[in-house]
Amino acid sequence: SKAKMILNKDYVIGEVDKRIYGSFIEHLGRAVYGGIYEPGHPTADKYGFRQDVAAMIKELQVPIVRYPGGNFVSGYNWEDGVGPVDKRPKRTELAWMTTETNEVGTNEFFTWAKEAGTEVMMAVNLGTRGADAARNLLEYCNHPGGTYWSDLRKAHGYAQPHNIKTWCLGNEMDGPWQICAKTADEYGRLACETAKVMKWVDPTIELVACGSSNSAMPTFAQWEATVLEHTYEHVDYVSLHTYYGNRDNDTANFLARSMDMDAFIKSVISTCDYVKAKKRSKKKINLSFDEWNVWFHSNEADKKVERWSVAPHQLEDEYNFEDALLVGSMLITLLKNADRVKMACLAQLVNVIAPIMTENNGAAWKQTIYYPYLHASVFGRGTVLNPAVKSPLHDTKDFTDVPYIDAAAVIGDDKNEITVFAVNRNMEENITLDIELNGFGQFEVIEHIVLEHSDVKAVNTKSNPNNVVPNTNGNAAIEDGNVKTDLKKLSWNVIRLR
Ligand code: AHR
């Protein structure tokens, strides 16, 4: 069968904010301890940061990393994580029922981020704490000096302010699992007052209010409406989170789940704009999709984690080939909504539902989902074109009219390069894709990268890390000024034109 994509140079969705390729490191499992930080590891630098892991993160060009949680942040005393390490308290960590040693805290994470070439997106605790702790942390991080908290930072060895620009007002505050969860009104008031004082401390920051934990929450989208009624003029973004799984082993239905993500984004945009209309506001609230991924493989194993252990194996999903295809479609979905989604975080980055896995005191390797994330982050910068895509459709258990071909196209800022990202969801057949290029001038195919595998359950492991890796064997070619290609059944494709 056949699909067609029509691209026109003047027909665009919007500019890609590079922060849509962000990720997330939470104090959870082995994300920090044994992940980015392992002082005894052969590759550790003088700060204890693993350089094998850092090299992979640099390759991904991760622009921003959310920290320190997640559910963790709702019980976190940030003061525990600064100052002399040997004086820091060990705490019961109630989000994940472990022991937090506080060996790594705000300053160490900032140092790590600088080394890894990324920015920090900092979350404040609006569970057990509130506006006071948040404004103090902000003063500690961003104030140049001459005040109690900024001078304390200097005394801790950090003369220069960290200048962290992006701040999350709590995490998933609607979830009953959250430490000190709140109703929309309770959270909305607290977020509003916290936002006010934080912007008084540093007017240059941007703030993210918590949306619903996912679109299946019973209070979705009333939660967003109520929270924004309280906070509209004080915040800049509302958050979205979603995780998908293939629990009933229905690949076709699983691969269609990015349609749910798209519908979720559209509903949140509508809710933001409803509050805008109600408030007669000129301001536009954008979206921060600051947790998204596949998450379900580790659910059973996590029930057996020993309480109060330090950095146990938690949420260590081993990702297979079909997970990489869905992650590819989720990246395409973010691109298709680039006019309103300005930040997004693949949750998470190392060991915990992550593209990068490590062994304690051993190897680091790339999971299957690493590759679509890498390709989108590296080649998906510039402006998203608004394509007309015509694809054969199919129905799955939960979705109707699912296009077999899911695709997006980005033109680079210098206008010299176009990249088409495409997933073929068809499990049986290759599909021929014609890409019509209107008004671009002369382009050549410089590369057609394909991620494909005969086994949808194939994984990369420590002993077989290159089982699922991309090749450059795609057959995209220019014919009469347009692109013609066969997209292999069940494949992720990156067609680069220059
Ligand atoms: O990313 C794992 C967890 O998922 C986060 O801590 C929480 O915010 C979400 O429920």
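Check the entry above for the structure.
Residues numbered from 1 in each chain as written. Predicted model: local features only at pLDDT ≥ 70, side-chain atom pairs only at ≥ 80, totals over all residues. Heavy atoms only, no water.

Student: Help me understand helix α1 (residues 51-60), please; the structure alone is not making it clear to me.
Tutor: Each full turn of the α-helix corresponds to 3.6 residues, which orients residues three or four apart in the same direction. Residues Asp52, Val53, Ala54, Met56, Ile57 and Leu60 constitute the buried set of α1. The secondary structure elements touched by the buried residues of α1 are α2 (106-116), β13 (356-358), β14 (364-366) and α11 (370-379). (Buried < 20%, exposed > 50% of the residue type's maximum accessible area, 1.4 Å probe, protein only. Helix = DSSP H or I, 4+ residues; strand = E, 2+ residues; numbered from the N terminus. Contact = heavy atoms within 4.5 Å.)

Student: Would you mind showing me how to read the sheet that holds strand β24 (residues 482-487) here?
Tutor: One open sheet accounts for five strands, arranged β16-β1-β21-β24-β23; its pairing is mixed. The open sheet terminates on both sides in strands that have one partner only, identified here as β16 (388-390) and β23 (477-479). The sheet shows a mean angle of 20 degrees between the axes of neighbouring strands, direction not considered. As defined by bridge partners, strand β21 (residues 431-438) adjoins β24 across five bridges and the pair is classed as antiparallel. Of the residues in β24, the one forming a bridge with Asp434 is Lys484. (Pairing = 2+ DSSP bridges. Axes fitted to C-alpha atoms, helices over the stretch in contact; angles between N-to-C directions.)

Student: Hey, could you run me through the pairing of strand β12 (residues 341-346) in this one?
Tutor: Each regular strand carries side chains that alternate between the two faces of the sheet. With six of six residues buried, β12 lies mostly within the body of the structure. For strand β3 (residues 22-24) and β12, the ladder comprises two bridges, and the chain directions are parallel. When the sheet's bridge partners are listed, Ser23 is paired in β12 with Leu346. Bridge count for strand β11 (residues 286-294) against β12 is four bridges, and the pairing is parallel. Considered in β12, the bridge of Phe289 is made with Ala344.

Student: Honestly, the sheet that holds strand β19 (residues 405-411) in this entry has me stumped. Any pointers?
Tutor: The strand order across the open sheet built from six strands is β2-β15-β19-β20-β25-β22, with neighbouring strands paired in antiparallel fashion. Lying at the two open borders of the sheet, with one neighbouring strand each, are β2 (12-15) and β22 (445-452). Adjacent strand axes in the sheet meet at a mean angle of 20 degrees, parallel and antiparallel pairs treated alike. By the bridge criterion, three bridges tie β2 to strand β15 (residues 383-385) in an arrangement that is antiparallel. Within β15, the position partnered with Val12 by the bridge is Leu385.

Student: Help me understand the packing of α1 against α2 in this model?
Tutor: Geometrically, a packed helix pair is captured by the angle between its two axes and the distance between the axes. Viewed as axis vectors pointing N to C, α1 and α2 meet at an angle of 55 degrees, and their least axial separation amounts to 9 Å. The angle between the axes of α1 and α2 places the two elements in the oblique class. Together, Gln51, Ile57 and Lys58 of α1 and Trp112, Glu115 and Ala116 of α2 make up the contact between the two elements. (Parallel < 35°, antiparallel > 145°, perpendicular 65-115°, else oblique.)

Student: What is the right way to read the packing of aromatic side chains from this model?
Tutor: Any aromatic ring pair is given by two values, namely how distant the centres are and how the planes are angled relative to each other. For the structure on display, the rule yields 16 aromatic pairs. Both rings, one in Phe421 and one in Trp492, keep their centres 5.8 Å apart while their planes meet at 20 degrees; by these two values the pair is stacked. Taken together, the positions of Phe421 in strand β20 (residues 418-424) and Trp492 in strand β25 (residues 491-497) put the pair 71 residues apart, joining distant regions of the chain. Each member of the pair Phe421 and Trp492 is classed as buried. With 6.1 Å between their ring centres and 85 degrees between their planes, Phe440 and Phe443 make a pair best called edge-to-face. The class of Phe440 is buried, set by a relative accessible area of 12%. Assessed through its relative accessible area of 6%, Phe443 is described here as buried. Feature note: the residues Tyr33, Tyr37, Tyr47 and Phe49 constitute an aromatic cluster, connected by ring pairs. Above the ring of Phe24, the side-chain terminus of Arg66 is found at 4.8 Å from the ring centroid. (Phe/Tyr/Trp six-rings, centres within 6.5 Å; stacked < 30°, edge-to-face > 60°. Lys NZ or Arg CZ within 6 Å of the ring centre and 35° of its normal.)

Student: It is not clear to me how the environment of Tyr67 should be interpreted in this structure. Could you clarify?
Tutor: Structurally, the position occupied by Tyr67 is in strand β4 (residues 64-67). We classify Tyr67 as buried; its relative accessible area is 1%. With 205 residues separating them along the chain, Tyr67 and Cys272 place their C-alpha atoms 25 Å apart. The contact partners of Tyr67, leaving out residues within four places of it in the chain, are Ile25, His27, Val104, Gly105, Thr106, Phe109, Met121, Met122 and Ala123.

Student: Quick question: what am I supposed to make of the environment of Ala364 here?
Tutor: Positionally, Ala364 belongs in strand β14. When the C-alpha positions of Ala364 and Thr183 are compared, they lie 42 Å apart, and in sequence the two are 181 residues distant. With sequence-adjacent residues up to four places away left out, Ala364 is seen in contact with Arg50, Asp52, Val53, Met56, Met357 and Thr358.

Student: Just to check I follow, could you spell out the pattern of salt bridges for this structure?
Tutor: Two side chains with opposite charge may pair up if their charged atoms get near one another. Going through the model one piece at a time under the given rule, you end up with 33 salt bridges. Linking Arg66 and Asp290 is a salt bridge whose minimum nitrogen-to-oxygen distance equals 4.0 Å. One end of the pair, Arg66, is in strand β4; the other, Asp290, is in strand β11, and 224 residues separate them in sequence. Just as Arg66 is buried, Asp290 falls in that class too. A network of salt bridges, in which partner residues are shared, links Asp248, Arg257, Lys397 and Asp398. (Salt bridge = Lys/Arg side-chain N within 4 Å of Asp/Glu carboxyl O.)

Student: Would you mind going over helix α8 (residues 258-278) with me for this structure?
Tutor: The terminal C-alpha atoms of α8, which comprises 21 residues, lie 30 Å apart, in line with the 30 Å expected from a rise of 1.5 Å per residue. Along α8, the positions that sit buried rather than exposed are Ser258, Met261, Phe264, Ile265, Val268, Ile269, Thr271, Cys272 and Val275. Each buried residue of α8 sits inside an arc of 160 degrees when the element is viewed along its axis, so together they form one side. Arg280, located one to two residues past α8, shows a positive phi value of around 50 degrees. (Expected span 1.5 Å × (residues − 1). Arc of directions from axis to C-beta.)

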